Amino acid sequence: MDRYHWLLVFHMAGAFMVLGGAMMAGIFNIAALRRERPSEIVVLFRLTRYAVTSILAGMVVTLAFGIWLVADVDYVKWSNSWVIVALILWFVANALGGIGGGRDKRTRQLAEQLAAQGDQPSAELRTRLRDPVSLALSWGSGLAVVAILALMIWKPGA
Amino acid sequence: MVAIIRPDSWNFPLFLHVLGAATVTGATAAAFVGAVLSRRWPWLRRVVARTLLLAVFPAWLLMRLGGAWEDSRSPIGDGSTWLGIGYIVGDAGFVLLIVAMILGAVSVRKAERRWPIQAVAVITGAYFVALLVAMFAMTGKPGS
């Protein structure tokens, strides 16, 4: 295997960590929407943290090896529109995920509080779980990542 | 070099294949984690069963059908070891995931039995590792 393929393997591994982590987070997020007991919702939110760790690590790995690939190969330039748009989307995905994650953290803290106080279903928790802004931020972040994958494959303007 | 000179008509099947491969890996990891932790929280068995049926299997279909479509258009890798590894992992996944889905459903219906969900944990854990090996082989194309 030459250096290009090794760089591509690590870049792709990072992409798998991001997309796979997003899928995992989505699964636990949807499962949490279907539960009523705060203690069960807490468990699913804690599982989501594994996914978030994978996403964050994958974001760093994709960026680092993506930059290395652009610097290393002759036929990709920093001025290529798909490279620029991909970098912008990388920041957009992180920003949306970060804001959405902050709101999810407050929902998890409410669920933990309710679990410690009798573990009864709560209308407030249900409303927070279905908060359209939080859902839009999290799913929007995932869509931005899928858009980056599309750019990597089509390379428009290359 | 191949990636940059790929004809446009190959891009959509490749996009579906890579998206399916990444999401089946994440969904398999979610099923594995759920199956392992269902020992402590038995209600996670239902989450695992639903994940296998509604996330892992559809993502596997996307990966496998996208890959077959891509392979029908592109001559790259024909007869190579890395493509063979991809096909083995893809096709073995069909059998493994069907078995895992059945066992996942059994673990929900027969709550007193622990072995079905334990078997799901073993199958999904093994398949997760196989998917990572396939990712390495298909991206790095060793030996080509």
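Refer to the structure presented above.
Residues numbered from 1 in each chain as written. Chains lettered and ligands numbered in written order. Predicted model: local features only at pLDDT ≥ 70, side-chain atom pairs only at ≥ 80, totals over all residues. Heavy atoms only, no water.

Comments concerning the overall build of chain B
Defined as follows: A run of H or I in DSSP becomes a helix once it reaches four residues, and a run of E becomes a strand once it reaches two; helices and strands are each numbered from the N terminus. Per-residue accessibility, obtained with a 1.4 Å probe over protein chains only, is compared with the maximum for each type, and a residue is labelled buried under 20%, exposed over 50%, and partly exposed between these values. Between two residues, a contact is recorded if the distance between any of their heavy atoms is within 4.5 Å. Only the protein chains shown count as cover for residues, and the accessible areas themselves come from Shrake-Rupley with a 1.4 Å probe. Working convention for charge: Lys and Arg count positive, Asp and Glu count negative, and His plus the chain ends are omitted. Lys charges are placed at NZ, Arg charges at CZ, Asp charges at CG and Glu charges at CD.
Scanning chain B from N- to C-terminus turns up four helices and zero strands. Taken over the C-alpha atoms alone, chain B extends approximately 55 × 25 × 20 Å along its principal axes. Scored against the burial criterion, the 144 residues of chain B give a buried share of 51%. Sequence separation of 24 or more characterises 78% of the internal contacts of chain B that already satisfy a separation of 6 or more. When the accessible surface of chain B is summed, it comes to about 6,800 Å², and 70% of that surface belongs to carbon and sulfur atoms. In chain B, which carries 13 positive and 6 negative side-chain charges, the distance between the mean positions of the two groups comes to 20 Å.

Description of the interface of chain A and chain B
For clarity, the cut-off: We define buried area as the total accessible area lost by two parts upon association, computed with a 1.4 Å probe and summed across both. Salt bridges are identified by distance alone: a Lys or Arg side-chain nitrogen within 4 Å of an Asp or Glu carboxyl oxygen. Nitrogen and oxygen atoms within 3.5 Å of one another constitute a polar contact, given that in protein one can donate a hydrogen and the other can accept it, and given that sequence-neighbouring residues count only through two side-chain atoms.
On the side of chain B, 33 residues touch chain A, which itself brings 32 residues to the contact. Carbon and sulfur atoms make up 82% of the surface buried where chain A meets chain B, a total of about 3,100 Å² over both sides. The largest contributions to the chain A side of the interface with chain B come from A:Phe16, A:Ile153 and A:Trp154, which together make up 21% of the buried area. The interface formed by chain A and chain B includes zero salt bridges. Here chain A and chain B share zero residue pairs in polar contact (both at pLDDT 80 or more) between them. Going through the elements one at a time, α1 (3–33), α2 (38–72) and α5 (132–154) of chain A are the ones with two or more residues in the side of chain A that touches chain B. Broken down by element, the residue count for the side of chain A that touches chain B peaks at 15 residues, all from α1(A).

Regarding the pattern of salt bridges
All names here are of chain A. Scanning the model with the defined rule gives ten salt bridges over all chains in all. In this structure, arginine 37 engages glutamate 40 in a salt bridge whose closest nitrogen and oxygen atoms are separated by 4.0 Å. The class for arginine 37 is partly exposed, based on a relative accessible area of 42%. Of the charged contacts, one joins glutamate 112 and arginine 46 as a salt bridge, the two residues approaching to 3.1 Å between their closest N and O atoms. With a gap of 66 residues between them, glutamate 112 in helix α3 (residues 81–116) and arginine 46 in helix α2 connect regions that are remote in the sequence. In this structure glutamate 112 comes out as partly exposed when scored by relative accessible area, which is 24%. Look at arginine 46 and you get partly exposed, because its relative accessible area is 42%. Taken together, the salt bridges that share partners define one network made up of Arg35, Arg37, Glu40 and Asp119.

A few points about unusual backbone geometry
Not every positive phi belongs to a glycine, and A:Asp119 is a case in point at roughly 55 degrees. Secondary-structure assignment places A:Asp119 in the loop between α3 and α4 (123–129). Assessed through its relative accessible area of 12%, A:Asp119 is described here as buried. With phi around 45 degrees, B:Lys141 is a residue other than glycine that occupies positive phi space. For B:Lys141, the position within the fold is in the segment after α4 (115–140).

Some remarks on the nonpolar core
Put simply, the rule is: Note on terminology: a nonpolar core comprises buried Ala, Val, Leu, Ile, Met, Phe, Trp, Tyr and Cys residues joined through side-chain atoms within 4.5 Å.
Grouped together as the largest cluster of nonpolar side chains are 80 residues, with contacts concentrated most on A:Leu44 and B:Leu52. In this structure A:Leu44 touches A:Phe28, A:Ala31, A:Ala32, A:Arg35, B:Trp43 and B:Leu44, once residues within four positions along its chain are discounted.

Describing the packing of α5(A) against helix α1 (residues 11–37) of chain B
A pair of packed helices is captured by two measures, namely the crossing angle of their axes and the spacing between those axes. Let me state the cut-off plainly: Angular values range over 0 to 180 degrees, each being the angle between N-to-C directions of two axes fitted as lines to C-alpha atoms, with helices fitted over their stretch in contact. Throughout this description, any angle smaller than 35 degrees is read as roughly parallel, any larger than 145 degrees as roughly antiparallel, any in the 65 to 115 degree range as roughly perpendicular, and the remainder as oblique. Helix crossings fall into two classes, left-handed where the near helix is turned counterclockwise from the far one by less than a right angle and right-handed where it is turned clockwise. Under the grouping applied here, Gly and all other residues not named as nonpolar or charged are polar, the nonpolar ones being Ala, Val, Leu, Ile, Met, Phe, Trp, Tyr, Cys and Pro and the charged ones Asp, Glu, Lys and Arg.
Close contact between α5(A) and α1(B) brings their axes to 10 Å; oriented N to C, the two are set at 140 degrees. Considering their axes alone, α5(A) and α1(B) lie oblique with respect to each other. Classified by chirality, the crossing of α1(B) by α5(A) is right-handed. Together, A:Val146, A:Leu149, A:Ala150, A:Ile153 and A:Trp154 of α5(A) and B:Asn11, B:Phe12, B:Leu14, B:Phe15, B:Val18 and B:Leu19 of α1(B) make up the contact between the two elements. Taken together, the residues of the contact of α5(A) with α1(B) sort by class into ten nonpolar, one polar and no charged.

Section: helix α2 (residues 44–73) of chain B
Convention followed: Here, expected helix span is obtained from the residue count minus one, scaled by 1.5 Å. The seven residues ending at a residue and the seven starting there each receive a fitted axis; the angle between those axes is the bend at that residue.
In this model, α2(B) (30 residues) spans 42 Å end to end at C-alpha, consistent with the 44 Å of a helix rising 1.5 Å per residue. When the local axis directions of α2(B) are compared, the greatest deviation, roughly 40 degrees, occurs at B:Leu52.

What about the environment of B:Phe12?
Mapped onto the secondary structure, B:Phe12 falls in helix α1. In this structure, the C-alpha to C-alpha distance between B:Phe12 and B:Gly66, residues 54 residues apart in sequence, is 8.4 Å. Look past the residues within four positions of B:Phe12 in its chain and what remains in contact with it is A:Trp154 and B:Trp69.

Section: the packing of aromatic side chains
To keep things clear, this is the line we draw: Each Phe, Tyr or Trp ring, with Trp reduced to its six-membered ring, pairs with another whose centre is within 6.5 Å; inter-plane angles below 30 degrees give stacked pairs, above 60 give edge-to-face pairs, and intermediate values give tilted ones. In this scheme, the term charge over a ring applies when either NZ of a lysine or CZ of an arginine sits within 6 Å of the ring centre and within 35 degrees of the ring normal.
Tallying each qualifying case throughout the model produces eleven aromatic pairs over all chains. Taking the centre distance of 5.7 Å and the plane angle of 50 degrees together, the rings of A:Trp6 and B:Phe136 count as tilted. With A:Trp6 in helix α1 and B:Phe136 in helix α4, the pair connects residues from two separate chains. With a relative accessible area of 37%, A:Trp6 lands in the partly exposed category. With a centroid separation of 6.2 Å and 45 degrees between ring planes, the pair formed by B:Phe57 and B:Phe94 is classed as tilted. Taken together, the residues B:Phe57 in helix α2 and B:Phe94 in helix α3 (residues 81–109) connect sequence positions 37 residues apart. The exposure class assigned to B:Phe94 is partly exposed, which follows from its relative accessible area of 39%. Among the aromatic side chains, those forming a connected cluster through ring pairs are A:Trp6, A:Phe10, A:Phe65, A:Trp68 and B:Phe136. Here the basic side chain of B:Lys141 rests over the ring of B:Trp82, its NZ or CZ set 4.6 Å away from the ring centre.

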